[in-house]
Amino acid sequence: MDIPQDLKTVEWRDGRVVMIDQTRLPGELVFVEYETYGQVADAIRNLVIRGAPAIGVAGAFGLALAASRSTAGTVDSLMADLCTARDELLGTRPTAVNLKWGLERALAAAEKCTDADSMRRAVVDESLAMAEEDVKTNKEMGKNGSGLIGDGETVMTHCNAGALATVSYGTALGVIRATREAGKNIRVIATETRPVQQGSRLTAFELMHDGIDVRLIPDTAVGYSMAQGLVDKVVVGADRILGTGHVYNKIGTYQVAAMAARHGIPFYVAAPLSTFDLDSGPEDVVIEQRKAAEVTGIGDSMTAPDGVGVINPAFDVTPPELISGIITEKGVAAPPFKESIRALFG
Ligand code: MRU
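As recorded by an unreviewed UniProt entry, the chain carries the name Putative methylthioribose-1-phosphate isomerase and is attributed to Cenarchaeum symbiosum. Comment text from UniProt for the chain, heading Sequence similarities (unreviewed entry), reads "Belongs to the EIF-2B alpha/beta/delta subunits family. MtnA subfamily." In UniProt, the chain has this text filed under Function (unreviewed entry): "Catalyzes the interconversion of methylthioribose-1-phosphate (MTR-1-P) into methylthioribulose-1-phosphate (MTRu-1-P)."

(A) Summary view of the environment of Arg16. For Arg16, the position within the fold is in strand β2 (residues 16-20). On the basis of neighbour count, Arg16 is assigned to the partly exposed category, with 16 C-beta atoms found within 10 Å. Measuring from C-alpha to C-alpha, the distance between Arg16 and Arg69 comes to 10 Å, with 53 residues separating the pair along the chain. If we skip the residues at most four places from it in the chain, Arg16 touches Glu33, Tyr34 and Glu35.

(B) Seen up close, the nonpolar core. Residues Val40 and Leu63 are the most contacted members of the largest nonpolar core, which totals 99 residues. Both domains that meet at this core, namely domain 1 (10-138) and domain 2 (143-344), each give it at least three residues. With near-sequence residues (within four places) excluded, Val40 lies in contact with Val17, Tyr34, Ala58, Phe61, Gly62, Leu65 and Leu89.

(C) Highlighting the site of the ligand. With respect to spatial proximity, 17 residues lie near the ligand, and among them Arg50, Ala52, Ala165, Gly237 and Lys250 are the closest. Contributing elements (two or more residues each) for the shell around the ligand: α2 (52-69) and β9 (247-250). By residue class, the composition of the shell around the ligand is 8 nonpolar, 6 polar and 3 charged. Mapping the shell around the ligand onto the domain boundaries places at least three of its residues in each of domain 1 (10-138) and domain 2 (143-344).

(D) The UniProt feature "binding site: substrate" (unreviewed entry) in the chain, seen in detail. Under the feature "binding site: substrate" (unreviewed entry), the UniProt entry names Arg50, Gly51, Ala52, Arg93, Gln198, Asn249 and Lys250. For Asn249, a count of 29 C-beta atoms within 10 Å translates into the label buried. Filtering out sequence-adjacent residues up to four positions away, Asn249 remains in contact with Cys159, Val236, Gly237, Ala238, Asp239, Phe315 and Thr318. Within the fold, Lys250 resides in strand β9. When residues no more than four places from it in sequence are discounted, the contact partners of Lys250 are His158, Cys159, Thr193, Gln198 and Phe315.

(E) Structural detail: the pairing of strand β5 (residues 187-191). A large share of β5 lies buried, amounting to 4 of its 5 residues. Once you follow strand β4 (residues 154-157) into helix α6 (residues 172-181) and on to β5, the crossover reads as right-handed. Pairing geometry for β5 and strand β6 (residues 213-217), over 5 bridges, is parallel. Bridged to Ala190 within β6 is Leu216. Handedness of the crossover is the feature at issue here: the chain leaves β5, passes through helix α7 (residues 198-209), returns alongside β6, and the resulting connection is right-handed.

(F) View of the domain arrangement of the chain. Assigned domains of the chain: these are domain 1 (10-138) and domain 2 (143-344). Between the C-alpha centres of domain 1 and domain 2 there is a distance of 25 Å. Of the residues lining the interface, 25 residues belong to domain 1; the matching set on domain 2 comes to 31 residues. At the level of secondary structure, the elements contributing two or more residues to the side of domain 1 that touches domain 2 comprise α2, α4 (97-111) and α5 (116-146).

(G) Up close: the UniProt feature "active site" (unreviewed entry) in the chain. The UniProt record marks Asp239 with the feature "active site" (unreviewed entry), using the residue numbering of this structure. Relative to the helices and strands, Asp239 resides in the loop between β7 (233-236) and β8 (240-242). Here Asp239 falls in the buried class, since 32 other C-beta atoms lie within 10 Å of it. Excluding residues within four positions of it along the chain, Asp239 makes contact with Ala52, Thr95, Ala96, Tyr248, Asn249, Thr275 and Phe315.

(H) Highlighting the sheet that holds β5. Across the sheet, which stays open at both edges, the 7 strands sit in the order β6-β5-β4-β7-β10-β15-β16 with mixed pairing between neighbours. Each edge of the open sheet is held by one strand with a lone partner, namely β6 and β16 (331-333). Taking each pair of neighbouring strands and ignoring which way they run, the sheet shows an average axis angle of 25 degrees. Where β7 and strand β10 (residues 267-270) come together, 3 bridges link them in parallel fashion. The partner of Val234 across the bridge, within β10, is Phe267. Docked against the sheet, α6 engages β4, β5, β7, β10 and β15 (325-328), running at close to 125 degrees with respect to β7. Lying over the sheet, helix α11 (residues 337-344) contacts β15 and β16, oriented at roughly 155 degrees with respect to β16.

(I) Local environment of the environment of Ile265. Along the polypeptide, Ile265 turns up in the loop between α9 (253-262) and β10. Since 18 C-beta atoms lie within 10 Å of it, Ile265 is described here as partly exposed. For the pair Ile265 and Ser324, spaced 59 residues apart in sequence, the C-alpha to C-alpha distance is 9.1 Å. Filtering out sequence-adjacent residues up to four positions away, Ile265 remains in contact with Met226, Val231, Asp232, Lys233, Val234 and Ala260.

The rules behind the values
Residues numbered from 1 in each chain as written. Predicted model: local features only at pLDDT ≥ 70, side-chain atom pairs only at ≥ 80, totals over all residues. UniProt positions renumbered as here; feature names shortened; annotations may be inferred. Helix = DSSP H or I, 4+ residues; strand = E, 2+ residues; numbered from the N terminus. Buried ≥ 20, exposed ≤ 12 C-beta atoms within 10 Å, placed from the backbone. Contact = placed C-beta atoms within 7 Å. Core = buried A, V, L, I, M, F, W, Y, C linked by C-beta atoms within 7 Å. Domains from an automatic or database assignment. Near = placed C-beta within 6 Å. Nonpolar A, V, L, I, M, F, W, Y, C, P; charged D, E, K, R; others polar. Right-handed = clockwise from strand over helix to strand, strands pointing away. Pairing = 2+ DSSP bridges. Axes fitted to C-alpha atoms, helices over the stretch in contact; angles between N-to-C directions.

Listed below in structure tokens is the structure:
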């Protein structure tokens with residue numbers, strides 16, 4: 001497959017939102033173009049784009065489409081249109097806090113304006129700024145995390161926290177990329193990440209494309225790999241981090257963290273400050289439940305009896321006592337997290 005350098009997961013191009021359709025990977029690299037915020041909402045809902053930072057920027061671009069397409073002539077009527085769009089976009093996926101962050105930031109830019117045209121421009125400009133910052137943030141995070149990985153080590157990662165989960169470069173995979181760029185020779189063990197298989201479809205695809213040595217394992221081989229001494233460090237991304245250091249991430253992350261603790265393997269989380277939610281407690285976080293078909297089949301093949309009951313949470317929560325450090329663009333927060341997270345936010 002011919003893959004252009006400097007590939008962006010999501011972009012604003014000539015008044016449209018362009019995304020890589022991640023449901024088609026690794027088979028095909030297909031770009032899709034959207035003209036309305038409703039189409040962007042569907043894309044987020046259907047995992048055409050996924051990953052916390054990527055959906056934060058996609059949400060903001062969705063709001064930029066709502067602003068550009070609205071025919072409202074006054075500040076109040078445009079704000080009403082933007083709030084309708086915000087509500088629909090926000091309702092697409094409940095767990096990753098970056099979506100709320102991106103929408104609120106774009107809306108806050110609009111609120112500062114005194115006429116409808118400057119509001120339109122402000123939402124587009126703010127979304128573009130977020131997309132640009134995302135790449136810089138990931139590179140800073142990568143540098144901060146690369147010191148934690150030694151030459152010759154093997155890093156396990158779960159799900160996809162790579163370029164495809166952000167605008168570019170990635171969070172957990174950003175740390176892996178930066179470690180490689182620092183001249184260290186490293187290997188990656190990627191979990192398959194059932195049921196949607198972000199690990200096999202996306203992480204393996206990205207790392208192979210970058211020439212990074214990656215081995216794919218079934219999720220059930222995490223304990224085996226650690227017990228065999230095949231894993232030196234674990235680095236994963238996050239969808240939401242509370243002020244206590246509780247980390248919400250792809251279902252299965254908690255199992256990986258528990259296994260890492262059992263085997264004395266350092267477990268790191270890499271996430272930008274936009275993934276932190278200092279205002280919520282565990283009772284406020286909604287864990288997205290996804291459709292049964294993701295579990296009862298793979299592609300078009302049924303792998304379970306028709307009609308079986310299914311539990312399919314998309315995320316779980318890893319408690320702070322299982323986490324060795326949280327890598328951010330402002331540095332690495334170490335336990336106890338209540339204090340170190342507060343310090344990150346100055
Ligand atoms: O359901 P997904 O694919 O959106 O879940 C993605 C994850 O859980 C990632 O690990 C997380 O968003 C961090 S991405 C930098």
